[in-house]
Amino acid sequence: MINSMRIRNLTFVTTVLPLLTMVWLSVDLSAFGASPPHAHEAGSPQKTPTAAAANVKAPDFTLIDQDGKRFLSTSLRGKIVVLDFIYTTCTDVCPLFTANFVRLQRRLATDHRSEVFLVSITTDPEIDSPKVLKAYAQRYGADFSNWAFLTGTEAQLKEVWKAFGIRVIRKGRGLVQHDSVTTLIDRQETRRFNHPGEKVRLEEVERDLLFLLAEKAKLNR
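Just so it is clear, the structure is predicted and the values come from calculations on it, not from any experiment.

### Digging into the pairing of strand 10 (residues 190-196)
The sheet contact formed by strand 1 (residues 56-57) and strand 10 spans two bridges and is antiparallel. From the neighbouring strand, Lys 57 faces strand 10, where its bridge partner is Thr 190. Across five bridges, strand 9 (residues 181-185) lies against strand 10 in antiparallel orientation. When the bridges of strand 10 are listed, Leu 184 appears paired with Phe 193.

### Examining the packing of aromatic side chains
For the structure shown, the criterion picks out nine aromatic pairs. Centre to centre, the rings of Phe 71 and Phe 117 are 6.1 Å apart; their planes meet at 40°, and the pair counts as tilted. With Phe 71 in strand 3 (residues 70-72) and Phe 117 in strand 5 (residues 116-122), this pair connects stretches of sequence that are 46 residues apart. Judged on exposure class, the residue Phe 71 and its partner Phe 117 are both buried. A ring pair is formed by Phe 144 and Phe 149, whose centres lie 6.3 Å apart and whose planes are at 85°; its orientation type is edge-to-face. With relative accessibility at 25%, the residue Phe 144 sits in the partly exposed group.

### Looking at the environment of Asn 100
In this structure, Asn 100 sits in helix 2 (residues 94-107). Residue class for Asn 100 comes out buried when judged on its relative accessible area of 16%. For Asn 100 and Arg 201, which are 101 residues apart along the polypeptide, the C-alpha to C-alpha distance reads 8.8 Å.

### As for helix 3 (residues 130-140)
For helix 3, the complete set of buried residues consists of Leu 133, Tyr 136 and Ala 137. The buried side chains of helix 3 occupy one side of the element, clustering within an arc of 95° when seen end-on. In helix 3, the exposed positions angled more than 90 degrees off the buried face are occupied by Lys 131 and Arg 139. Gly 141, located one to two residues past helix 3, shows a positive phi value of around 75°.

### Observations concerning the pattern of salt bridges
Counted according to the given criterion, the structure contains 17 salt bridges. Asp 186 serves as the salt-bridge partner of Arg 192, at 3.0 Å between the closest nitrogen and oxygen. Taken individually, Arg 192 and Asp 186 each receive the classification buried, so the pair is uniform in this respect. Because the salt bridges share partners, they merge into one network encompassing Asp 124, Glu 126, Glu 154, Arg 170 and Arg 173.

### Quick notes on the sheet that holds strand 6 (residues 147-150)
Spatially, six strands are ordered 1-10-9-4-5-6 in an open sheet, and the strand pairing comes out mixed. Of all the strands in the sheet, the pair left with one neighbour each is strand 1 and strand 6. Lying over the sheet, helix 2 contacts strand 4 (80-86), strand 5, strand 6 and strand 9, oriented at roughly 160° with respect to strand 4. Of the strands in this sheet, strand 4, strand 5 and strand 10 are in contact with helix 4 (residues 154-163), which crosses strand 5 at around 120°.

### Considerations on unusual backbone geometry
In the Ramachandran plot, Glu 189 falls in the positive-phi region, its phi being about 65° despite a non-glycine side chain. Counting through the fold element by element, Glu 189 comes out in the loop between strand 9 and strand 10. We classify Glu 189 as buried; its relative accessible area is 16%.

### Looking at the confidence of the model for the protein chain
Model confidence for the protein chain is summarised by a mean pLDDT of 79, while 73% of its residues fall at 70 or above. This model gives residues 1-52 a pLDDT under 50, and the stretch forms 64 contacts once residues within four places in sequence are excluded.

### Some remarks on helix 2
Between its first and last C-alpha atoms helix 2 spans 20 Å; for 14 residues at 1.5 Å apiece the expected length is 20 Å, and the two agree. Listing the buried residues of helix 2 in full gives Cys 94, Pro 95, Phe 97, Thr 98, Asn 100, Phe 101, Val 102, Leu 104 and Gln 105.

Conventions used here
- All residue numbers refer to positions counted from 1 along the written sequence of the respective chain.
- In view of the model being predicted, local features appear only for residues whose pLDDT reaches at least 70, and side-chain atom pairs are presented and counted only at 80 or more, with totals across whole chains, interfaces and linings using the full set of residues.
- Note that the side-chain values use all heavy atoms of the structure and ignore hydrogens as well as water.
- A pair of strands counts as paired when DSSP detects no fewer than two bridges linking them.
- Working definition: helices are DSSP H or I runs of at least four residues, strands are E runs of at least two. Numbering for both runs from the N terminus.
- Stacked, tilted and edge-to-face are the three classes applied to pairs of Phe, Tyr and Trp rings, where Trp contributes its six-membered ring and a pair requires centres within 6.5 Å; stacked means planes under 30 degrees apart, edge-to-face means over 60, and tilted covers the rest.
- Residue burial is assigned from relative accessible area. The probe radius is 1.4 Å, only protein chains are included, and a residue is buried under 20% of its type maximum, exposed over 50%, and partly exposed in between.
- Of all possible arcs, the one meant is that of the directions from the helix axis to the C-beta atoms.
- By definition here, a salt bridge exists when the distance from a side-chain nitrogen of Lys or Arg to a carboxyl oxygen of Asp or Glu is within 4 Å.
- The contact definition used throughout considers only heavy atoms, calling two residues in contact when any of these lie within 4.5 Å.
- Helix axes use the C-alpha atoms of the stretch in contact, all axes being lines fitted to C-alpha atoms, and the angles between their N-to-C directions lie in the range 0 to 180 degrees.
- A residue's pLDDT is simply how confident the predictor is in it, with values from 0 to 100.
- Expected helix span is computed as 1.5 Å times (number of residues minus one).

Below, the structure is given as structure tokens:
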């Protein structure tokens, strides 16, 4: 009797318990509020993104656009701004973000083109000069009439990254780890919607953009 109990206990420890452990580890921890580490270099560092909460004043900044011209965020007052952070040598999620912006830009109705402006800010000023950013944008077929690709000095960009809650870690030349967020800023320069992380759904961004566009129509009634 005692021997059979020992055998059953040993079987449980050596066979059943490891299987239960494997099942537990395979559970999606995000359902419990945990954030698994990001393996790729283009996405968020090991911690949860620190992007500022929505409904706060968007920071003002001055950078350089893809034509080498001074770009002031204050020039966008009265427009809805959709803004993200990318770098041109990224081979992971940044191309997806840029492709999504291209799709979003093309879906905009003609009468909304003048109301919406897209902004992509680099996280790698070492490589991303205006010339490099312009070539990158042209490969995707970006329309510069309402989309700017911005760079600047390391010091200038660090202020912008910090203001938007973006952590940037340089791993090597052309290899940068950074938080990912797509943020929507309304006509009053308030951050209204933030879409953090790598799996940004274009339809959700588009839904929030249409909501902000509809606000003007309501005010005009």
